[in-house]
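Close look at the chain arrangement
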Amino acid sequence: MNFYSLNKKAPNVSFKDAVIKGIAPDRGLYFPEKITPLPNDFFENIANLSPIEIAQKAIKQFVSDDIDDDKLKTILEDVLNFDFPVVEINKNIGTLELFHGPTLAFKDVGAGFMARCLGYFSEGSNTEVTVLVATSGDTGGAVANGFLGVAGVKVVILYPTGKVSDIQEKQLTTLGQNITALEVEGTFDDCQTMVKTAFLDEDITSVKQLTSANSINVARWLPQLFYFLFAYKQAKSQGKEIVFSIPSGNFGNICAGIVAQQLGMPVKHFIASTNVNDVVPRFMNTKSYDPKPSIATISNAMDVGDPSNFIRIRHIYNDDFDTIAKNISSYAFTDEQTKEAMLELYNDYNYVADPHGAVGYLGLKKYQETNPDTYGIFLETAHPVKFLDIVEDTIKENLDIPKKIIKQMNKKKKSIKISTYDELKKFLID
């Protein structure tokens, strides 16, 4: 299968080339040339399939030209070596916990999958690849962990100073080896703009092979569809129409869920739950897509003023607003509402949620006000300990900190501070 640029001004490429390039020369995101639905019996018998079998059947059509079945199975076994439980909140609501991986964040799967693909593609090659990535929180740690020690790959992570949690910062600044952290004076949007600009700067690309590990990269983005299939397997027995509420920043996760829908997964609706960075909720109300500078919140991984992957969602639904609205609702919530939801989950259900999961819970509750006969699953995308101060201050309880986090917090931070694109360019070239 080939992948084409959504700007449609660049040649089609293989999965391998799409992964290595990251973004097309015309600045467009790559998208698979077709999505072939899986047979009905896959979903009818999904309860009898292992996570590896589910993932392999789901992703095979997108990667099989470049990765054979045996290698794909090995990659998936390496990446999917932890649990993805749906935890019951009440009879109509469950939460899909995606924080049981090595960096306690949902991005571990995409980052791990991409790292292993890139490592496989680099075997026998003398060309070093530089992975350039912007992070608003969890992406940096997941990418750093996934690519640590991968031969032929250097990783450069840009993150906004003072706008990630202490644990998130330590996860991306303490590993060393082939990982370098650049601390940017600015916002996540500034970091993301620098990354996108670097990909199109011939002064850099003439001397460096760059690729991205943000969700703009197909190998980071597509594996996230596994989560929805794993959740469907667990929730199918509920006997109700299933809806998903996804805390949404760059919109890669919800877009992957929509790909699972295109593969045939029975799902009634998606809820894109955001913080006050509300470009998509406003679009759903006005039909006008108007990016704006991002605003810092307690759910920092969602502090995105111009979500890159929303163009993929619009493309899937042929940019038809009525079709988008039929499949997606989107609501925005303040920090105060988020804290109230965290407290409600703890006091009423004895469940400790991080701020992002709490936003997902709020979006689900709002949707179910008018759609009560549904089974809703909100995604809990990061372990609450990653937002320790906020969570403890909100629920007035102390959290147990995992030993691997304590060990990492004791390591010395190493980062390089920059404030302009020219500084990034000089660093990459030098």
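Residues numbered from 1 in each chain as written. Predicted model: local features only at pLDDT ≥ 70, side-chain atom pairs only at ≥ 80, totals over all residues. Heavy atoms only, no water.

**A word on the overall build of the chain**
Across its full length, the chain carries 20 helices and 14 strands. A globule of 430 residues ought to have a C-alpha radius of gyration of about 22 Å, and the chain, at 20 Å, matches this closely. The dimensions of the chain, computed from C-alpha atoms along their principal axes, are 55 × 50 × 45 Å. The buried share of the chain, reckoned over its 430 residues, is 60%. Here the chain has roughly 16,900 Å² of accessible surface; of this, 45% comes from carbon and sulfur atoms. (Helix = DSSP H or I, 4+ residues; strand = E, 2+ residues; numbered from the N terminus. Rg over C-alpha atoms; globule rule 2.2 N^0.38 Å. Buried < 20%, exposed > 50% of the residue type's maximum accessible area, 1.4 Å probe, protein only. Areas by Shrake-Rupley, 256 points an atom, 1.4 Å probe, with all protein chains shown as cover.)

**Remarks on the side chain of T174**
Structurally, T174 can be placed in the loop between α7 (166-173) and β8 (179-184). Judged by relative accessible area, which is 12%, T174 ranks as buried. Side-chain polar atoms of T174 contact the backbone oxygen of K170, separated by 2.6 Å. At a separation of 3.5 Å, a polar atom in the side chain of T174 contacts the side chain of Q408. When residues no more than four places from it in sequence are discounted, the contact partners of T174 are Q408, K411, K412 and K413. (Polar contact = N/O pair within 3.5 Å; in protein donor to acceptor, adjacent residues only side chain to side chain. Contact = heavy atoms within 4.5 Å.)

**Regarding the state of the cysteines**
In total, this model carries 0 disulfides according to the counting rule given. With no disulfide partner, C117 has as its closest neighbouring cysteine sulfur the one in C255, 18 Å distant. Residue C117 is classed as buried on the basis of its relative accessible area, which comes to 0%. (Disulfide = S-S within 2.5 Å.)

**Here we look at empty space enclosed by the protein**
Any empty space left between atoms is shown by rolling a water-sized probe over those atoms. Taken as a whole and assessed by the stated rule, the structure comprises 2 cavities of 30 Å³ or more. What lines the largest cavity is a set of 27 residues, among which F106, K107, G249, N250 and A301 lie closest to the centre. Secondary-structure elements contributing two or more residues to the lining of the largest cavity are α6 (138-147), β10 (241-247) and α12 (252-262). Looking at side-chain class alone, the lining of the largest cavity contains 11 nonpolar, 13 polar and 3 charged residues. Volume-wise, the second largest cavity comes out at about 40 Å³. (1 Å grid on protein atoms, 1.4 Å probe; cavity = no way out; pocket = protein on both sides within 12 Å on 5 of 7 lines; lining within 4 Å. Points joined across faces, edges and corners; volume = space filled by probe spheres on them. Nonpolar A, V, L, I, M, F, W, Y, C, P; charged D, E, K, R; others polar.)

**What about the UniProt feature "modified residue: N6-(pyridoxal phosphate)lysine" (unreviewed entry) in the chain?**
Mapped onto the present numbering, the UniProt feature "modified residue: N6-(pyridoxal phosphate)lysine" (unreviewed entry) falls on K107. Within the secondary structure layout, K107 lies in helix α5 (residues 107-122). Accessibility expressed as a relative area gives 10% for K107, which makes it buried. Excluding residues that lie within four positions of it along the chain, K107 makes contacts with D138, T139, A142, R220 and Y227. (UniProt positions renumbered as here; feature names shortened; annotations may be inferred.)

**Looking at helix α18 (residues 388-395)**
Where α18 is concerned, the buried positions are L388, V391, T394 and I395. Angular distribution of buried residues about the axis of α18 spans 150°; they occupy a single face of the element. K396 sits one or two positions beyond α18 and adopts a positive phi of about 60°. (Arc of directions from axis to C-beta.)

**Regarding the environment of S248**
Here S248 lies in the loop between β10 and α12. S248 sits in the buried class, given a relative accessible area of 3%. Expressed as a C-alpha distance, the spacing of S248 and A272, which sit 24 residues apart in the sequence, is 5.8 Å. The contact partners of S248, leaving out residues within four places of it in the chain, are I254, A272, S273, T274 and M302. Only 2.8 Å separates the side chain of S248 from the backbone oxygen of I246, close enough to count as a polar contact.

**Notes on helix α4 (residues 69-79)**
Taken together, the buried positions of α4 are occupied by L72, I75, L76 and V79. Within α4, the buried residues cover an arc of 95° as seen down the axis, which keeps them to one side. Structurally, the start of α4 carries an N-cap: the backbone nitrogen of D70 is 3.2 Å from a side-chain oxygen of D68.

**Details of the sheet that holds strand β2 (residues 13-14)**
The strand order β2-β1-β3 describes an open sheet built from 3 strands, whose pairing is antiparallel. Edge positions in the open sheet fall to β2 and β3 (30-32), since each of these has one partner strand only. The pairing of strand β1 (residues 2-5) with β3 spans 3 bridges and is antiparallel. Opposite F3, over in β3, you have P32 as the bridge partner. (Pairing = 2+ DSSP bridges.)

**Here's the deal with the pairing of strand β4 (residues 86-90)**
Pairing analysis gives 4 bridges linking β4 to strand β5 (residues 93-97), with the strands arranged antiparallel. The residue bridging V86 from the neighbouring strand is L96, located in β5. What sits between the antiparallel neighbours β4 and β5 is a turn of 2 residues.

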